[in-house]
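# Fold and contact review
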Amino acid sequence: MTYEIDRSIAAGLTPGKLEHLIREHASVDQIALAYRTDGSVVKMLMARWGLDHLSGRAKSNVVLVRNCE
């Protein structure tokens, strides 16, 4: 698995690029296909780089707070 992670990073998948793709609504499978890996590697990198809260179920755990005057 480490080899696949290293290969994805060498192919240009950086934390900034991954965040950009997620924010532009690319799916994990689309990202995996673009970097010639599988979805589990992309999910591992999302968790490693603290980006897993931007998609999927983790996204529903975000709490919004409004200023009430």
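Owing to the predicted nature of the structure, the values given are computational and were not obtained by experimental measurement. (Residues numbered from 1 in each chain as written. Predicted model: local features only at pLDDT ≥ 70, side-chain atom pairs only at ≥ 80, totals over all residues. Heavy atoms only, no water.)

## Concerning helix 2 (residues 15–23)
Rules: For every residue, the accessible area obtained with a 1.4 Å probe (protein chains only) is divided by the maximum for its type, and the residue is called buried under 20%, exposed over 50%, and partly exposed between those limits. Each helix corresponds to a stretch of at least 4 residues labelled H or I by DSSP, and each strand to a stretch of at least 2 residues labelled E; elements are numbered beginning at the N terminus. Think of it as the arc spanned by the lines of direction from the helix axis to the C-beta atoms. In this description, contact between two residues means that some pair of their heavy atoms is separated by no more than 4.5 Å.
Of all the residues in helix 2, the buried ones are Leu 18, Leu 21 and Ile 22. The arc that holds the buried residues of helix 2, viewed along the axis, is 100°, so those residues lie on one side. In this structure, the buried residues of helix 2 make contact with helix 3 (28–34) and helix 4 (39–48). Just beyond helix 2, the residue with positive phi is His 25, at close to 70°.

## Here's the deal with unusual backbone geometry
The phi dihedral of His 25 is positive, around 70°, even though this residue is not glycine. With respect to the helices, strands and loops of the structure, His 25 is situated in the loop between helix 2 and helix 3. Look at His 25 and you get exposed, because its relative accessible area is 68%. Phi angles above zero are rare outside glycine, and Arg 36 is one such case at about 55°. Topologically, Arg 36 is positioned in the loop between helix 3 and helix 4. Assessed through its relative accessible area of 70%, Arg 36 is described here as exposed.

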